Amino acid sequence: MIGDTILKLNHVSKLYPGVVALDDMCMEFKEGEVHAIVGENGAGKSTMIKTISGAIQPTQGTIEINGEVFEKLTPKLSREKGVAVIYQEFTLVPVLSAADNIFMGEYMLNGLVLDRKAMEAKARELFERLHVKIDPKVKVADLTTGFQQIVEIAKAISKNAKILIMDEPSAPLTITEVEAMYEIVDRLKAEGVTILYISHRMEEIFRLSDRVTVIRDGKYITTLNTADTNKQELIKLMVGRELNETYPEREKPAAETIMKLDKVAGNGVKDISFEVKRGEILGLGGLVGAGRTELAQLIFGSEKITSGEITYKGKPLHVKNCQEAIEQGIAMIPEDRKRHGVILDMTIKENTTMPCLKRISNKNVISVQKETEVTEKYKKSLLIKTPSIDQYVKNLSGGNQQKVVLAKWLAMSPDVIIFDEPTRGIDVGAKQEIYEIMNDLANQGKAIIMISSDMEELIGMSDRVVVMCKGRMAGSLSKNEISQEAILMKAAGAE
């Protein structure tokens, strides 16, 4: 049952040089509710979380927890007042056990020695409370992503958290793991824990939350009872405009084949045969672990083909590494943009021109003018929101980071572009922009291979879908054959 107000933000602002991250934010959260917070990337969600958790201090305003008012919080003080945060990127140490991770920094001691038995017993109690079976002794590295998420939750509730902030908790999870997490959220809510739930996934908002607050450009917009609103209203409030076409219409794909795979094997996949045509978006569907990314790595040259052949522009494609693939006009937008797509501590300009330095250099000296021209060109065409191309990429929103990854490869003028989970962790407004960019590239005659676990996206964007199952190709679906049922049947290995 939902109780009284447990947390309030009173006119909280956070200013950085040239940027207002939070602007006079006033919000309140009640005991025992699941309160969703939605907004585009860059709306201020992360700054708000860090302010509540004590990771950063507000420029002005106060935070009220259980009636106690604070002008600023430290991480230690925030934890003491019952606040815990589960961030999008896990804070676990893979080589340590589940129990060690749960009690890290607050180990149980028997004299001067770690009391492992007590820690393991307490960890077991926490897992039982969450209705999951995890061996407290197992190394976190040996757990699935879903179980690692549960270790993070157990770590939070071990400190008697009364306010649990969950930042995109389902982003790395499979469908089955997401359902398990939903059940845990329901149990914690029933125990009276207040959950602040940040997510871009609308189905989660409506499945879990009691109320939903929309923020935009660092400002509080409104709070609604979830049962009284709908997806269209929330999207309009988030982006400040109507988004009528989720998946843009595209011209009919050209018939010319640019790439052909014939019984390709390697990197855990085998016997893969299909064609890729200019001007089309070819979707790669399948369950997590089906071999979609592994296949993309073979095409991109980051892993070696052991048998079979890829024909590219009418000739056999033999690439020993990614650099040779790039030189042939093949690009890959990776799933994890922060680790593999950009260098966060470098500028937009440095990231954009990194692959094409030879083209903008004269006798090994980089032309600053050309470097600026190339970056400004793609900043404008991709609508990258930034005050300057000299801005560090780590300071950009997720959607704009993804655009920088795309700018980097478009500067090389590729003919085949592989998008691995192109909109993961990106808000609905930025998704629409990414879809429009992909659509324009296809209309220009580029061939796009898109890996996506988002069923709606896979169906809405693809001209054809190749479905993978356990490292093999389970089948191919034409545009008029594509449906959720057809994809899932093939992904599960059913005829």
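Residues numbered from 1 in each chain as written. Predicted model: local features only at pLDDT ≥ 70, side-chain atom pairs only at ≥ 80, totals over all residues. Heavy atoms only, no water.

Caption draft 1: Looking closely at the packing of helix 14 (residues 398-410) against helix 15 (residues 428-443). Remark: helix 14 packs on helix 15, axes separated minimally by 10 Å, with the N-to-C direction vectors making an angle of 15 degrees. By the angle between their axes, helix 14 is roughly parallel relative to helix 15. In the packing of helix 14 onto helix 15, the handedness of the crossing is left-handed. Residue-level contacts link G399, Q402, K403, L406 and L410 of helix 14 to A430, E433, I434, I437 and L441 of helix 15. (Axes fitted to C-alpha atoms, helices over the stretch in contact; angles between N-to-C directions. Helix = DSSP H or I, 4+ residues; strand = E, 2+ residues; numbered from the N terminus. Parallel < 35°, antiparallel > 145°, perpendicular 65-115°, else oblique. Left-handed = near helix turned anticlockwise from the far one by under 90°. Contact = heavy atoms within 4.5 Å.)

Caption draft 2: Focus on the nonpolar core. With 72 residues, the main nonpolar core has M259, L261, L295, I299, I330 and F419 as its most contacted residues. When sequence neighbours within four positions are dropped, the list of residues in contact with M259 reads F274, E275, V276, I299, I310, T311, Y312, I330 and V416. One finds I102, A123, A156 and V193 within the second-largest nonpolar core, a separate group that totals 37 residues. (Core = buried A, V, L, I, M, F, W, Y, C linked by side-chain atoms within 4.5 Å. Buried < 20%, exposed > 50% of the residue type's maximum accessible area, 1.4 Å probe, protein only.)

Caption draft 3: Looking closely at the pattern of salt bridges. A full pass over the atoms with the stated rule returns 23 salt bridges. Its salt-bridge partner being E183, residue R187 comes within 3.6 Å of it at the nearest N-O pair. Residue R187 and its partner E183 are located together in helix 6 (residues 175-190), separated by four residues, close to a single helical turn. Where K403 meets E433, a salt bridge forms, and the shortest distance between an N and an O atom there is 2.4 Å. Residue K403 is found in helix 14, and its partner E433 is found in helix 15; the two are separated by 30 residues along the sequence. Assessed through its relative accessible area of 18%, E433 is described here as buried. Several salt bridges converge on common partners, so that one network encompasses E256, R278, K313 and D415. (Salt bridge = Lys/Arg side-chain N within 4 Å of Asp/Glu carboxyl O.)

Caption draft 4: Local environment of the environment of S158. Residue position: S158 is located in the loop between helix 5 (145-157) and strand 9 (163-167). On the basis of relative accessible area, S158 is assigned to the buried category, the value being 17%. On a C-alpha basis, the gap between S158 and N362 in space is 60 Å, while along the polypeptide they are 204 residues apart. Excluding residues within four positions of it along the chain, S158 makes contact with I102, F103 and L126.

Caption draft 5: Representation of the sheet that holds strand 14 (residues 269-277). In spatial order, the strands read 14-13-16-17; together these four strands make up an open sheet with antiparallel pairing. Two strands bound the open sheet, and with one partner strand each, they are strand 14 and strand 17 (315-316). Relative to strand 16 (residues 307-312), strand 13 (residues 257-266) runs antiparallel, the two sharing five bridges. By the bridge assignment for strand 16, A265 is matched with S307. Strands strand 13, strand 14 and strand 16 of the sheet are contacted by helix 9 (residues 292-300), whose axis makes an angle of about 115 degrees with strand 13. (Pairing = 2+ DSSP bridges.)

Caption draft 6: Seen up close, the packing of helix 4 (residues 116-129) against helix 5. Contact geometry of helix 4 with helix 5 gives a least axis separation of 10 Å together with a crossing angle of 110 degrees. If you check the angle between helix 4 and helix 5, you find them roughly perpendicular. For the pair helix 4 and helix 5, the contacting residues are L126, F127 and R129 in the first and I150, V151, A154 and I157 in the second. Considered class by class, the residues forming the contact of helix 4 with helix 5 number six nonpolar, no polar and one charged. (Nonpolar A, V, L, I, M, F, W, Y, C, P; charged D, E, K, R; others polar.)

Caption draft 7: Looking closely at the pairing of strand 21 (residues 416-420). Most of strand 21 is tucked away, with five of its five residues classed as buried. Of the two faces of strand 21, the one carrying V416, I418 and D420 and the one carrying I417 and F419 are both buried. Pairing of strand 21 with strand 22 (residues 447-451), which is carried by five bridges, proceeds in the parallel orientation. Residue pairing in the sheet places V416 in a bridge with A447 of strand 22.

Caption draft 8: The arrangement of the side chain of E168 in detail. Tracing the chain through its elements places E168 in the loop between strand 9 and helix 6. For the buried residue E168, which engages in no salt bridge, the nearest side chain bearing the opposite charge is R201, 5.8 Å off. Each residue touching E168, except ones within four places of it in the same chain, is listed here: Q88, I198, S199 and H200. (Lys, Arg positive; Asp, Glu negative; His and termini not counted.)

Caption draft 9: Inspection of a nonpolar patch on the surface at higher detail. On the surface, Y107, L109, L112, V113 and L114 cluster together into a nonpolar patch covering about 530 Å² of accessible area. The residue Y107 is located in the loop between helix 3 (98-102) and strand 7 (109-110) in this model. (Patch = residues over 30% accessible without salt bridge, like charges linked within 9 Å, V, L, I, M, F, W, Y side chains within 5 Å. Areas by Shrake-Rupley, 256 points an atom, 1.4 Å probe, with all protein chains shown as cover.)

Caption draft 10: Inspection of the environment of A190 at higher detail. Mapping A190 onto the fold places it in helix 6. Given a relative accessible area of 67%, A190 falls into the exposed group. Taking the C-alpha atoms as reference, A190 lies 9.2 Å from I2; in sequence the two are 188 residues apart.

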